[in-house]
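# Residue-level structure breakdown
Here are the chains, one letter per residue:
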Amino acid sequence: TWGKRNDLVKLLFLLGQINSLDIQNRIVHENNLHKDIIQGNFFDAYQNLTYKHIMALKWTTYFCISAKFILKADDDIFVNTPFLMKFLSKDIFPHGARKLILCSVYLRSFVKRSYRSKWRVSPIEYKDSYYPAYCAGFGIIYSSDVMIQLYEKAQKSKYFWIDDVFITGILATQLNLSRMTIEPLVLTENKLNDMLNNDDVNSEMFIFGPPNLSDSKIEKLWSLTNK
């Protein structure tokens with residue numbers, strides 16, 4: 001759907017190591033066919049997402065330095081690529097594509113200490129009560145120079161497992177990089193449902209759909225945006 005290849009966009013899938021020889025053989029076969037998989041030497045687990053994010057920074061630094069923009073996205077998100085291309089070329093790029101981080105920005109988020117929370121962080125891991133401003137990890141657009149700076153900074157910094165907080169919050173703050181919010185261009189659940197039920201997308205300009213979308217909703221959105 002939205003990741004469909006064209007002359008201006010390269011799509012890549014980032015993975016860690018898998019505890020299954022059968023699945024690993026299928027990954028190798030898939031990559032032999034499409035040449036679009038980057039696999040790191042860490043176990044693919046939620047607590048290792050920072051390794052995966054840094055792997056994206058590293059790969060871009062070494063192999064994709066000529067790219068003007070890099071989009072890091074979750075696999076359950078919808079990206080309106082036709083609108084995104086127009087947005088980046090007409091609204092952003094004419095003004096220069098440097099020191100750019102575009103995302104939905106969280107401001108003054110409280111650090112979760114409850115043992116019942118999926119995102120519990122102990123005071124030993126992070127001592128402050130609030131995180132610096134950081135990006136929602138489902139979709140982040142970087143200019144390539146920012147990826148390089150973040151990768152270099154990550155090599156000298158203590159590991160923190162919540163990747164969006166660590167990379168777009170802690171490291172970006174240390175580098176004095178600002179985050180530009182694109183929250184008005186992220187679909188709410190209500191807008192998404194209106195679009196899907198009314199079969200009409202013409203009145204909506206958006207870059208990202210809401211996270212945790214089913215395949216069927218992603219396909220429906222892709223059909224609508226291509227009209």
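Check the entry above for the structure.
Report on the accompanying structure. (Residues numbered from 1 in each chain as written. Predicted model: local features only at pLDDT ≥ 70, side-chain atom pairs only at ≥ 80, totals over all residues. Heavy atoms only, no water.)

A word on unusual backbone geometry. Even without being glycine, asparagine 176 reaches a positive phi, approximately 60 degrees. Its location among the elements puts asparagine 176 in the loop between α5 (163–174) and β8 (180–181). According to the relative accessible area criterion, asparagine 176 is exposed, its value standing at 70%. Phi at asparagine 212 takes a positive value of approximately 60 degrees, unusual for a residue other than glycine. Here asparagine 212 is to be found in the loop between α6 (189–198) and α7 (215–225). Take asparagine 212: its relative accessible area is 65%, and that puts it in the exposed class. (Helix = DSSP H or I, 4+ residues; strand = E, 2+ residues; numbered from the N terminus. Buried < 20%, exposed > 50% of the residue type's maximum accessible area, 1.4 Å probe, protein only.)

On the basis of which strands lie adjacent, the open sheet formed by four strands has the order β3-β7-β4-β8 and mixed pairing. Both edges of this open sheet fall to β3 (69–73) and β8, since each of them pairs with a single strand only. Where strand β4 (residues 101–103) meets strand β7 (residues 139–143), two bridges bridge the pair, whose relative direction is antiparallel. What sits directly across from leucine 102, in β7, is isoleucine 141. (Pairing = 2+ DSSP bridges.)

The next point concerns the state of the cysteines. Linking two cysteines covalently through their sulfur atoms gives a disulfide. All chains considered together, the criterion is met by one disulfide. Linked covalently through their sulfurs, cysteine 103 and cysteine 135 form a disulfide whose S-S length is 2.0 Å. Judged by the sign of its S-S torsion, about -60 degrees, the cystine formed by cysteine 103 and cysteine 135 is left-handed. Note that cysteine 103 is positioned in strand β4 and cysteine 135 in strand β6 (residues 134–135), a separation of 32 residues in sequence. Using a relative accessible area of 0% as the deciding quantity, one classes cysteine 103 as buried. Residue class for cysteine 135 comes out buried when judged on its relative accessible area of 0%. This cysteine, cysteine 64, is not joined by any disulfide, and cysteine 135 carries the nearest cysteine sulfur, 19 Å off. (Disulfide = S-S within 2.5 Å.)

Taken as a whole, α6 has its buried residues at Leu192, Met195 and Leu196. Around the axis of α6, the buried residues are gathered within 95 degrees of arc, so they sit on the same side. Exposed and oriented more than 90 degrees from the buried face of α6 are Asn190, Asn197 and Asn198. The elements touched by buried residues of α6 are α7. (Arc of directions from axis to C-beta. Contact = heavy atoms within 4.5 Å.)

Across all of its chains, the model carries 16 aromatic pairs by this definition. Where tyrosine 62 meets tyrosine 151, the ring centres are 6.3 Å apart and the plane angle is 75 degrees; that geometry is what we call edge-to-face. Of this pair, tyrosine 62 sits in helix α2 (residues 49–63) while tyrosine 151 sits in helix α4 (residues 144–154); the two residues are 89 residues apart in sequence, bridging distant segments of the chain. Each residue in the set Tyr106, Tyr126, Tyr131, Tyr134 and Phe160 is aromatic and connected to the rest through ring pairs, giving one cluster. Positioned above the aromatic ring of tyrosine 46 is the side chain of lysine 118, whose terminal nitrogen or guanidinium carbon lies 4.3 Å from the ring centre. Directly above the aromatic system of tyrosine 115 lies the positively charged group of arginine 120, at a separation of 3.8 Å from the ring centroid. (Phe/Tyr/Trp six-rings, centres within 6.5 Å; stacked < 30°, edge-to-face > 60°. Lys NZ or Arg CZ within 6 Å of the ring centre and 35° of its normal.)

Below, the discussion takes up the environment of serine 223. Of note, serine 223 is situated in helix α7. Sequence separation between serine 223 and serine 66 is 157 residues, and the spatial gap between their C-alpha atoms is 31 Å.

We now examine the side chain of threonine 61. Inspection of the secondary structure puts threonine 61 in helix α2. In this structure threonine 61 touches Met147, Ile148 and Tyr151, once residues within four positions along its chain are discounted.

A few words on the pattern of salt bridges. Here the structure, examined in full by the defined rule, presents five salt bridges. Among the ionic pairs, aspartate 163 bridges to lysine 72, the shortest N-O distance being 3.8 Å. Of this pair, aspartate 163 sits in helix α5 while lysine 72 sits in strand β3, and the two are 91 residues apart along the sequence. Note on accessibility: aspartate 163 and lysine 72 belong to one class, buried. One network of salt bridges, with partners in common, ties together Lys72, Asp74 and Asp163. (Salt bridge = Lys/Arg side-chain N within 4 Å of Asp/Glu carboxyl O.)

Coordinates in, geometry out; function isn't part of it.
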